[in-house]
Amino acid sequence: MSVRQHPGEQNQPVDSVAGRRPPEAARDPRSPDAQRARRGPDLRLLLPAAAAWAATAMTILLRGPWVAVAAVGLAVVVAAVLVSSRVRSYLRWRGALQTVGWNLVVAAAIASLAAAGTALQVHRVDSHPIMRELSSSESTGQQGEKNEEGARGHYRGEVTIAGGARVLNGGSLKIPVRITGLGELPLFVNDRHRSPELLSAQPGTTLELAATVRADERPGLVPARLSATRQPSITAEPRGVMGISARLRRNINELASTGPMATLANQAWFSGAEALIPGMLIGDISQMPQDIRQHYIVSGLSHLTAVSGLHVAVLISAVTIAATACGVSRRGRWIIVMGTLVAFTMVVGPLPSILRAGFMGLVGAVAVLSSRWSDSLAALGGAVLALVLIRPGMAVEYGLLLSVLATVAIVTAGPRIGRWLILVWGRFTQRRWAREPRVVEGMLLRALAVSFVADVATQPAIVMMTGIVSPAAVPANLAVGWAVAPLMVLALAACLVGSAALLVGMPAGLAAWLLVPAAPAAWWIHTVAERCSRTWVLHTPGGPWWALAWAAMLGAMILAAMGVLWWQTIPALIACAMLLVRIGTWQLGPYEAAAPAPGWGSDLGAEPHWAVAVCGAGDGTSGWQLRYSTGTRQPCQTPRGKLTLQAGGVVEKEGEQTAAGEPKVVTVNSDAQALSVREAALIVVLDCEGPAEGTGRRSHGRPSQTPGGVPVHYPCADGAGLLTPKGLVVSGGPR
C-alpha cells in the first residue's frame, strides 16, 4: 500500500492496484456506504425469487394448482403463528427470528401468486385441441389398444418461427416455433423436407405446416414437439419490430460472407472463423458447419454462439469503460447503457433468449456501475423473479439455471478470487522485482477470476445436462476472454453502420470492410476452439447426483488451493476420480462424433453392404430382431413398412467379430449401460419408455456412439438400422 499525505488530514492509504482512495465507508462512518456495510448484504429479494422459481417449476411438472394451494396454506399458517400473542411475546426481543418469519410469509405469498399464474397457463395449454388430441392418444395406448407408433396427434396450419434454426446430426433441422393459443415448442424437419429458405428464415416468419405432434421428453410449459410430414412453406415475412430485426440479422450475415470477409474465408488459416461473427452477435449458427460447431462444444466455448447474459454484460462493460474514460457522468452512463441494450435488442430481436440475457445483463450493469456485490444480488433476485413471472416456461429451462449460476459466481466469488490472485501476484512481484502489481495487471487478474468462477460454477449444470466434462473449457475461456469484448462491440457497430450504408445504396462488398477490424478477434477465438477440441473429455453418467458430486469435488479442490482446506485434499480427490475411471463409472475419451452420412431417414433396401440389421419382429408387437448377413436377400420390417434387404456382406474388421464370425452386438436397456460397454461392433438400446415411467433416457439426449467409437442404435426412436462400412444407417421413425 502506498501513502498520500494531505494537509490537515491523516495519512490516507491508497490501493496501488485499483489506483483510487479507500471507499467512502472507511472515510465517513455516517455515509450511506458505511450504513449499508453495518446493515449487511441486501438479500431480501433472493428468498422470494427462489420460492417463486421453485413454485413455478413444480407447477409445470405437476400440471396442476396444488403448489399454489400449498404456498397459500404455508403463508397463512406462518402468519397466524407470528401474530399469536404467545409467539409475539417470545419474539419481542428476538428481532432476527421475527424478520425471518415475516420474510418467509412474503416469499410464500409471492410463490403462491407465481404458481397460480403458471397454473392458469398450464390449464390453457392442456385445454388446447392439440394437447387434448395428444392426451387422448396416450390414454388410448394405456387402455391396451394397438398403438405401435406411440401417442401422437396431428397439426395442420400456420406457425411462427420463434428463434434461429439449428442443424442436427444427420442433417435434420430443429426450429423453435410458436402456435397461436398454445405457445412455443420445437419443430423437427428431417433432411428430406428441409430447404435452403427454411434454414435462412428469420424469427417472425410465418410457415404453413403439416406435422405430427408427440409428447416431449423434456418438461416444459408446452410438453410437446412437432415433426414435419412435408416441406414447410413460407407464407409471410416478419413484420414490425421483428421485421426490422430480421433485416438487421440478414445484413450481418451478408456482411460476414461478402467482400473482404469472403476473401478471408477462402484462406486456410481463417476458414470457418467468419461464421463466428453472426453466431456471437445474434446467436445465428445456421451457416456454421457441423464440424466447426463440434469444436466449440468440445472446447467449452459453445456459449459464445448463443445469446446470453455474457454478451449483454460484455457490451455494457465495454461502453461503460469507454464512457467513464470520456468523463461521462453516472446518469449519462446509465443512458448510454440503456441505449446499448435497445440497439442490441433491435439486432437480435425480442426473443425469449434476449429477454433472459437482458435481465442478466442488467444485473451486470448494476455490478459495474454500483461496484457493490450486495446490490448485484438484489438485482439478480429481482431479475429472476421478473423472468419467472413474465415467462414461466423459463423455470424449467437449463438456460436460466446456467445464467443464474454464472451471475451468482461472478458477483460473489469473482471479487474474492480476484483479490486472492492479486495478493499472490503481489507477493511474487515483491520477491522478483521489488514492486507492487500495476493497475493493468490487476485488471487482467480480475478478468481471469471472473472467467474462472463462471466456468467452474456452470460445470455441475453441464454435467447434469450432458454428463460430459471438458478439461479444456476453463483454459479455453481464459484464453479467449480478451477477444470477446472487441469482437462484440466491433460487430454490433459494423452491423448498425453497415445496415445504414446498405440502406442508402452502398454495395455490400464495400460495407463489409466495417467487419474487418473484428476479424483478428474472430480468428483467435476460432483457433483456440479448434486446438482445444483435440483434447479428450470425461464422460460421466450425468444427472443431478453426479452433478452434485462434481460440484463438491470442484469446491473442495478450490478451497484446498486457496489454503482453506488441507492441501492433501487435492491428491485424494484426484485419486478418487482415477478410481472411478478405472472401474468404468467415468470414461476418458474423445467427444461423441457427429452421426455419419447417410444417417437418419435412409432407404435401407438400397444399401448393398451390411453386416447386422435391426428389424421389427413383424408379428404385430413392438419387439426387435437381429439379422446377420447370409449372402441372400432378407425381409426387414421397419416403422415405414416392410422392405427387402440386399445380400449384404462386408469385410470383417479385427476385434469386431465373435468366434462364429458374426459381429458382436450388445443389447442393453438404457444409454447409461451403453456407455459402459467397452468392446462391440454395435450397441442396441431397447428402452422404449419415457422418463415418466422411471426408465427413460437421460435428459441430455441419446449418444450416437460411445467414447470408444462404438455406434449406438435406438430402434424405438430411430426405426430399423443397418451396420455398414460407412457407419450406422437408420430408417427413421414413422412418417
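Model, not experiment: these values are computed from the prediction.

What counts and what doesn't
Residues numbered from 1 in each chain as written. Predicted model: local features only at pLDDT ≥ 70, side-chain atom pairs only at ≥ 80, totals over all residues. Heavy atoms only, no water. Core = buried A, V, L, I, M, F, W, Y, C linked by side-chain atoms within 4.5 Å. Buried < 20%, exposed > 50% of the residue type's maximum accessible area, 1.4 Å probe, protein only. Helix = DSSP H or I, 4+ residues; strand = E, 2+ residues; numbered from the N terminus. Contact = heavy atoms within 4.5 Å. Expected span 1.5 Å × (residues − 1). Disulfide = S-S within 2.5 Å. Polar contact = N/O pair within 3.5 Å; in protein donor to acceptor, adjacent residues only side chain to side chain. Pairing = 2+ DSSP bridges. Axes fitted to C-alpha atoms, helices over the stretch in contact; angles between N-to-C directions. Parallel < 35°, antiparallel > 145°, perpendicular 65-115°, else oblique. Left-handed = near helix turned anticlockwise from the far one by under 90°. Nonpolar A, V, L, I, M, F, W, Y, C, P; charged D, E, K, R; others polar. Phe/Tyr/Trp six-rings, centres within 6.5 Å; stacked < 30°, edge-to-face > 60°. Patch = residues over 30% accessible without salt bridge, like charges linked within 9 Å, V, L, I, M, F, W, Y side chains within 5 Å. Areas by Shrake-Rupley, 256 points an atom, 1.4 Å probe, with all protein chains shown as cover. Salt bridge = Lys/Arg side-chain N within 4 Å of Asp/Glu carboxyl O.

**Structural notes on the nonpolar core**
Across soluble globular proteins, nonpolar side chains have a tendency to be buried as a group. Formed by 58 residues in total, the largest nonpolar core has its most connected members in Leu281, Phe344, Leu487, Leu515 and Ile525. In terms of residue count, helix H19 (residues 473-503) provides more of this core than any other element does, 12 residues in total. Leucine 281 has contacts with Ile252, Phe344, Val347, Val348, Met488, Ala491, Leu492 and Cys495, leaving out every residue within four places of it along the chain. Grouped together as the second largest cluster of nonpolar side chains are 31 residues, Val122, Tyr155, Ile161 and Val177 included.

**As for helix H22 (residues 544-561)**
The end-to-end C-alpha distance of H22, which contains 18 residues, comes to 26 Å, matching closely the 26 Å that a straight helix rising 1.5 Å per residue would cover. Within H22 the residues assigned to the buried category are Ala547, Trp550, Met553, Leu554, Ala556 and Ala560. Buried residues belonging to H22 abut helix H18 (439-466), strand S10 (468-469), strand S11 (537-539) and helix H23 (569-582). In the segment just after H22, glycine 563 is the residue with positive phi, at about 90 degrees.

**A short note on the state of the cysteines**
Counted by the stated rule, this structure contains 1 disulfide. Disulfide pairing places cysteine 615 opposite cysteine 636 at an S-S distance of 2.0 Å. Every disulfide takes its handedness from the sign of the S-S torsion; for cysteine 615 and cysteine 636 that torsion is -110 degrees, giving left-handed. You can see cysteine 615 sitting in strand S13 (residues 612-616) and its partner cysteine 636 sitting in strand S15 (residues 634-638), a full 21 residues away along the chain. Comparing cysteine 615 with cysteine 636 shows no difference in burial state: the two are buried.

**Quick look at the side chain of glutamine 459**
Structurally, the position occupied by glutamine 459 is in helix H18. A polar contact is formed between the side chain of glutamine 459 and the side chain of tryptophan 550, at a distance of 3.0 Å. Once residues lying within four places of it in the same chain are set aside, the contact partners of glutamine 459 are Val469, Ser470, Ala473, Val474, Trp550 and Leu554.

**Describing the pairing of strand S7 (residues 206-215)**
The buried count for S7 comes to 8 of 10 residues, which makes it a mostly enclosed element. When strand S3 (residues 152-161) meets S7, the two strands line up antiparallel, connected through 9 bridges. Bridge assignment links glycine 157 to a residue of S7, and that residue is leucine 209. Note that S7 and strand S8 (residues 224-228) share 5 bridges and pair antiparallel. Residue pairing in the sheet places threonine 212 in a bridge with serine 227 of S8.

**Observations regarding unusual backbone geometry**
The backbone of arginine 63 sits at a positive phi, close to 55 degrees, despite the residue not being glycine. By the secondary structure assignment, arginine 63 is in the loop between helix H3 (46-62) and helix H4 (66-83). For arginine 63, a relative accessible area of 25% puts it in the partly exposed group. The backbone phi angle of alanine 434 is positive, close to 55 degrees, even though this residue is not glycine. Mapped onto the elements of the fold, alanine 434 is located in the loop between helix H17 (398-433) and H18. Residue classification places alanine 434 among the exposed residues on the basis of a relative accessible area of 62%.

**As for the packing of H18 against H22**
Contact pair H18 / H22: the axes reach a minimum separation of 6 Å and the direction vectors enclose 155 degrees. In this view, H18 runs roughly antiparallel relative to H22, as classed from their interaxial angle. You can see that H18 and H22 cross each other, and the crossing is right-handed. Along its contact with H18, which presents Phe452, Val456, Gln459, Pro460, Val463 and Met464, the element H22 presents Pro544, Trp546, Ala547, Trp550, Ala551, Leu554 and Ile558. A per-class count over the contact of H18 with H22 returns 12 nonpolar, 1 polar and no charged.

**Quick notes on the sheet that holds S11**
Sheet architecture is open: 3 strands sit in the order S10-S11-S12, paired in antiparallel fashion. With one partner strand each, in any of the chains shown, S10 and strand S12 (587-589) form the two edges of the open sheet. Pairing geometry for S11 and S12, over 3 bridges, is antiparallel. Across the sheet, the residue bridging to leucine 538 is leucine 588, located in S12.

**Some thoughts on helix H21 (residues 519-532)**
With 14 residues, H21 ought to run about 20 Å at 1.5 Å a step, and its terminal C-alpha atoms sit 20 Å apart, in line with that. Every buried residue of H21 is accounted for by Ala519, Ala521, Ala522, Ile525, His526, Thr527, Val528, Ala529 and Cys532. In the core, the buried residues of H21 are packed alongside helix H10 (259-265), helix H11 (276-282), helix H12 (290-298) and H19.

**Some words on the sheet that holds strand S17 (residues 665-668)**
Pairing within the open sheet is parallel, and its 3 strands lie in the order S17-S18-S19. Here the strands that pair on one side only, and so sit at the sheet edges, are S17 and strand S19 (712-713). Sheet topology note: the strand S18 (residues 682-685)/S19 ladder contains 2 bridges and is parallel. Within S19, the residue paired with isoleucine 683 across the bridge is valine 712.

**Remarks on the packing of aromatic side chains**
Counting across every chain of the model gives 5 aromatic pairs. Aromatic pair tryptophan 425 and phenylalanine 428: ring centres 5.3 Å apart, planes at 35 degrees, arrangement tilted. Taken together, the residues span about one helical turn, with tryptophan 425 and phenylalanine 428 both in helix H17 at a distance of 3 residues. A residue is classified by how much of its surface remains accessible, and tryptophan 425, at 28% relative accessible area, is partly exposed. Judged by relative accessible area, which is 33%, phenylalanine 428 ranks as partly exposed. An angle of 50 degrees between the planes, with centres 6.3 Å apart, marks the rings of tryptophan 523 and tryptophan 524 as tilted.

**Some details on the environment of glutamate 607**
Within the secondary structure, glutamate 607 is located in the loop between S12 and S13. Residue glutamate 607 is classed as buried on the basis of its relative accessible area, which comes to 9%. Each C-alpha atom of the pair glutamate 607 and leucine 722 lies 8.4 Å from the other, and the pair is 115 residues apart in sequence.

**Points about a nonpolar patch on the surface**
Together, Leu503, Val504, Met506, Leu510 and Trp513 make up a nonpolar patch on the protein surface, roughly 580 Å² of accessible area in all. The residue tryptophan 513 is located in the loop between helix H20 (508-511) and H21 in this model.

**So, the packing of H22 against H23**
Following both chains from N to C, one finds H22 and H23 inclined at 150 degrees, their axes separated by 9 Å at the closest point. It follows that H22 is roughly antiparallel to H23 by the angle criterion. Crossing geometry of H22 relative to H23 is assigned as left-handed. Residues Trp546, Met553, Ala556, Met557, Ala560 and Ala561 of H22 form the contact with H23, whose own contacting residues are Thr569, Ile570, Leu573, Ile574 and Leu580. Partitioned by chemical class, the residues of the contact of H22 with H23 number 10 nonpolar, 1 polar and no charged.

Keep in mind these values describe shape, not function.
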